[in-house]
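# Report on the structure
Listed below are the residues making up each chain.
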Amino acid sequence: MIFPPAGRGQADPVSATPGPREGGSTPPPPPYVTAKRALKHWRSLGATRWVLKNLTAGAQIPWRRRPRYHRARPFPVADADKAFVEAEISRCLAKGYWRELFGNDIDGQVVIVNGFVVTAANKKRFVLDCRVPNDYIDPRRFKYESLPELAAQLRPGDELIKWDVRNAYHHLLLRAEDRKFFAFQVLGRTFQSLKMPFGLRVAPFLWTKVCRPVVQRL
């Protein structure tokens, strides 16, 4: 995305919490913790109650109705992707993005789908096959700004930047009552997604709307 130059002296609410201490003795907090700690900055940008609710209470998924019981048939991970998946499991468990399920916890999940790997622009990404829960969600229409639209706003002397947020969807947790609809299996193990997963049909809408106050300030 391309924006006019940002104002000076305004903290970035997405990353306002300091990182690790010098020497790396304290690991940086997960993105969803960072976002919550920066609520005063979101408020200073004029964030709506709905935006703040997504940050504090979890992603506000617009359910038409709650999904019914479903168990997907497991499918194998390609040999070329197994090392990536193992590394992703370790990373996401350590960061608090997922939790592993055993025994009665597995039985308590309403929906269990499959996780798989997609590759785009030479980058691998772990995605959930959310077709079942997605069928129960009310779709939200929205429009991304296009380059022609932005180009029309440019003036001589404008500075251009490319802005990207690392682990963007990890900034929004799933509400506790919604997590039982986003369990998944991979490599013979079962997990529950605690944050907004890739594969959720309204994830781009929710993240774009949550970031609107930041984009408007930029």
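Rules used throughout
Residues numbered from 1 in each chain as written. Predicted model: local features only at pLDDT ≥ 70, side-chain atom pairs only at ≥ 80, totals over all residues. Heavy atoms only, no water. Helix = DSSP H or I, 4+ residues; strand = E, 2+ residues; numbered from the N terminus. Buried < 20%, exposed > 50% of the residue type's maximum accessible area, 1.4 Å probe, protein only. Contact = heavy atoms within 4.5 Å. Areas by Shrake-Rupley, 256 points an atom, 1.4 Å probe, with all protein chains shown as cover. Phe/Tyr/Trp six-rings, centres within 6.5 Å; stacked < 30°, edge-to-face > 60°. pLDDT = per-residue confidence, 0-100. Patch = residues over 30% accessible without salt bridge, like charges linked within 9 Å, V, L, I, M, F, W, Y side chains within 5 Å. Salt bridge = Lys/Arg side-chain N within 4 Å of Asp/Glu carboxyl O. Lys, Arg positive; Asp, Glu negative; His and termini not counted. Charge placed at Lys NZ, Arg CZ, Asp CG, Glu CD. Polar contact = N/O pair within 3.5 Å; in protein donor to acceptor, adjacent residues only side chain to side chain. Core = buried A, V, L, I, M, F, W, Y, C linked by side-chain atoms within 4.5 Å. Pairing = 2+ DSSP bridges.

## Topic: the overall build of the chain
When you go through the chain residue by residue, the secondary structure sums to 9 helices and 8 strands. Within the span of the chain, comprising 218 residues, buried residues form 42% of the whole. Nonlocal contacts in the chain, meaning residues at least 24 apart in sequence, comprise 74% of its contacts between residues at least 6 apart. As displayed, the chain offers around 12,900 Å² of accessible surface, 52% of which is attributable to carbon and sulfur atoms.

## Comments concerning the packing of aromatic side chains
One pass over the structure, following the stated rule, counts 10 aromatic pairs. For the ring pair Trp98 and Phe191, a centre distance of 5.7 Å and an interplane angle of 50° mean the geometry is tilted. With Trp98 in strand 3 (residues 98-101) and Phe191 in strand 8 (residues 189-193), the pair connects residues that are 93 residues apart, well separated along the chain. Here the aromatic rings of Phe126 and Phe184 are separated by 5.7 Å at their centres, their planes lie at 50°, and the arrangement is tilted. On the criterion of sequence distance, the pair formed by Phe126 in strand 5 (residues 123-128) and Phe184 in strand 7 (residues 183-186) is long-range, its members being 58 residues apart. With respect to burial, Phe126 and Phe184 carry one shared label: buried. Members of the aromatic cluster, connected to one another through ring pairs, are Trp98, Phe126, Phe184 and Phe191.

## Here we look at the confidence of the model for the chain
Per-residue pLDDT for the chain has a mean of 86; in total, 89% of the residues score no lower than 70. Here strand 1 (residues 2-3) is the element of the chain with the lowest mean pLDDT, 36, and strand 3 is the one with the highest, 98. The low-confidence segment residues 14-22, where pLDDT is below 50, has 17 contacts with residues more than four positions distant or belonging to other chains.

## A few points about unusual backbone geometry
Positive phi, close to 65°, is recorded for Asn122, a residue that is not glycine. Looking at where Asn122 falls in the secondary structure, it is placed in the loop between strand 4 (111-120) and strand 5. Judged by its relative accessible area of 80%, Asn122 is exposed.

## Thoughts on a positive patch on the surface
On the surface, a cluster of positive charge is contributed by Arg64, Arg65, Arg68 and Arg201. Structurally, the position occupied by Arg65 is in the loop between helix 3 (49-56) and strand 2 (70-71).

## Things to note about the pattern of salt bridges
According to the stated counting rule, one finds 9 salt bridges in the structure shown. As a salt-bridge pair, Arg99 and Asp105 come within 3.6 Å of each other at their nearest N and O atoms. One continuous salt-bridge network, built from bridges that share partners, spans Arg175, Glu177 and Asp178.

## Quick word on the side chain of Asp81
Along the chain, Asp81 turns up in helix 4 (residues 79-95). Every residue in contact with Asp81, bar those within four places of it in the chain, is listed here: Val117 and Lys124.

## Things to note about the side chain of Gln192
Note on placement: Gln192 falls in strand 8. A polar contact of 2.9 Å, which involves the side chain of Gln192, links it to the side chain of Gln109.

## Re the nonpolar core
One finds Trp42 and Met196 to be the most contacted residues of the largest nonpolar core, which totals 50 residues. Of all the secondary structure elements, the ones that give two or more residues to this core are helix 1 (31-37), helix 2 (39-44), helix 3, helix 4, strand 4, strand 5, strand 7 and helix 8 (203-210). With 5 residues, helix 8 is the single largest residue contributor to this core. Other than its neighbours up to four places away in sequence, Met196 contacts Ala59, Tyr169, Leu172, Leu173, Leu174, Ala203, Leu206 and Trp207.

## A word on the pairing of strand 7
Here is the key point about a regular strand: its side chains alternate between the two faces of the sheet. Burial of strand 7 is two-sided: the residues Ala183 and Gln185 facing one way and the residues Phe184 and Val186 facing the other way are all buried. Relative to strand 7, strand 4 is paired through 3 bridges, and the arrangement is parallel. The residue bridging Val113 from the neighbouring strand is Phe184, located in strand 7. From the end of strand 7 to the start of strand 8, which pair antiparallel, there are 2 residues, and Leu187 there has a positive phi angle of about 55°.

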